[in-house]
Amino acid sequence: MPRRLSQRFAAIRYQNRGKSQPRSNRSPAPAPALRLDTQLDILGLVLLIVAAVTLFGLLSAQRSQIVEGWLMLLRRGVGWGVYALPLLLGALGGYLLVRRFGDRLPQPSARRVLGVLLAYFTALATAHALAMAIGRTEGELLARSGEGGGALGWLITLGLGALVGNVGTGLA
């Protein structure tokens, strides 16, 4: 019995092929979302553009107010790490764009990516701790002025100080 019903519905669908379907009260089907590959390509392109604007803004003597505001926001966030940020963003964006070349492109392991991120965060904390020690300046003031490791370096240094104390932070 169920097989006969499915055959009957198939025959009706075949007969009604090409005829306009009656309108229903339902809303039309949503447009198909972008595929994951396309989304990653767009993200890679955006990261490359952000990296290029940041790099050219850092190298330029005359900056627009938008670029100057962008660079000040980055400096407050990562301090002197702003000079390495375009390289990291550009590398990530470039990888996202060329990842489709398959086996010809080396696949970075999660350990390697995590190692690069930890090295960057360690450099921010070290830069902030050194700037605090050399300038005898409070860490928050350095972060607000965009020096040292910025707000991120200051937070990492504060966390280390809370965990292992000032001497331990100096040794780490």
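Parameters at a glance
- Residues numbered from 1 in each chain as written.
- Predicted model: local features only at pLDDT ≥ 70, side-chain atom pairs only at ≥ 80, totals over all residues.
- Heavy atoms only, no water.
- Helix = DSSP H or I, 4+ residues; strand = E, 2+ residues; numbered from the N terminus.
- Salt bridge = Lys/Arg side-chain N within 4 Å of Asp/Glu carboxyl O.
- Buried < 20%, exposed > 50% of the residue type's maximum accessible area, 1.4 Å probe, protein only.
- Core = buried A, V, L, I, M, F, W, Y, C linked by side-chain atoms within 4.5 Å.
- Contact = heavy atoms within 4.5 Å.
- Expected span 1.5 Å × (residues − 1).
- Patch = residues over 30% accessible without salt bridge, like charges linked within 9 Å, V, L, I, M, F, W, Y side chains within 5 Å.
- Areas by Shrake-Rupley, 256 points an atom, 1.4 Å probe, with all protein chains shown as cover.
- Polar contact = N/O pair within 3.5 Å; in protein donor to acceptor, adjacent residues only side chain to side chain.
- Axes fitted to C-alpha atoms, helices over the stretch in contact; angles between N-to-C directions.
- Parallel < 35°, antiparallel > 145°, perpendicular 65-115°, else oblique.
- Left-handed = near helix turned anticlockwise from the far one by under 90°.
- Nonpolar A, V, L, I, M, F, W, Y, C, P; charged D, E, K, R; others polar.

Draft legend 1. Broad picture of the environment of L55. With respect to the secondary-structure elements, L55 resides in helix α2 (residues 36-59). Taking C-alpha positions, L55 is 9.3 Å from A84, a pair spaced 29 residues apart along the chain.

Draft legend 2. Seen up close, the pattern of salt bridges. Inspection of the entire model under this criterion finds 4 salt bridges. Residue E68 is joined to R63 by a salt bridge in which the shortest nitrogen-to-oxygen separation is 3.2 Å. E68 gets classed as partly exposed once you look at its relative accessible area, which sits at 32%. Residue R63 is classed as partly exposed on the basis of its relative accessible area, which comes to 30%. Salt-bridge contacts for R144 lead to E140; the nearest nitrogen and oxygen are separated by 2.7 Å. One end of the pair, R144, and the other, E140, are both in helix α6 (residues 139-145), 4 residues apart, so they sit about a helical turn from each other.

Draft legend 3. Region of the structure containing the nonpolar core. Of all hydrophobic cores here, the largest spans 13 residues; its most connected members are V78, V82, L85, L89 and Y120. Sorting the residues of this core by element identifies α2, α3 (65-78), α4 (85-98) and α5 (110-135) as the ones contributing at least two each. Broken down by element, this core gets its largest block of residues, 4 residues, from α3. Ignoring any residue separated from it by four or fewer positions in sequence, one finds V78 in contact with L85, Y120, L124, G148, G149, G150 and L152.

Draft legend 4. Region of interest: α4. The first and last C-alpha atoms of α4 sit 20 Å apart over 14 residues, in line with the 20 Å expected at 1.5 Å per residue. Where α4 is buried, its residues meet α2, α3 and α5.

Draft legend 5. Just the environment of V53, in detail. Assignment of secondary structure puts V53 in helix α2. Judged by relative accessible area, V53 falls into the partly exposed class, the value being 39%. Along the chain, V53 and L71 lie 18 residues apart, while their C-alpha atoms are 9.7 Å from each other.

Draft legend 6. Layout of a nonpolar patch on the surface. Residues L45, I49, V53, W70, L73, L97, V98 and F101 make up a contiguous nonpolar surface patch of roughly 680 Å² in combined accessible area. Breaking the nonpolar patch down by element, the ones donating at least two residues are α2, α3 and α4. Considering each element in turn, the nonpolar patch owes the most residues, 3 residues, to α2. By secondary structure assignment, the location of V98 is in helix α4. Owing to a relative accessible area of 31%, V98 belongs among the partly exposed residues under this scheme.

Draft legend 7. The arrangement of the side chain of T157 in detail. Examined against the element boundaries, T157 turns out to sit in helix α7 (residues 150-171). Within the structure, the side chain of T157 is placed 3.4 Å from the backbone oxygen of A125, a separation counted as a polar contact.

Draft legend 8. Up close: the packing of α2 against α4. With their axes 7 Å apart at the nearest point, α2 and α4 run at an angle of 155° to one another. When the axes of α2 and α4 are compared, the pair comes out roughly antiparallel. By crossing handedness, the relation of α2 to α4 is classed as left-handed. For the pair α2 and α4, the contacting residues are L40, D41, L43, G44, L45, L47, L48, V50, A51, T54, L55 and L58 in the first and P86, L89, G90, L92, G93, G94, L96 and L97 in the second. The class makeup of the residues in the contact of α2 with α4 is 14 nonpolar, 5 polar and 1 charged.

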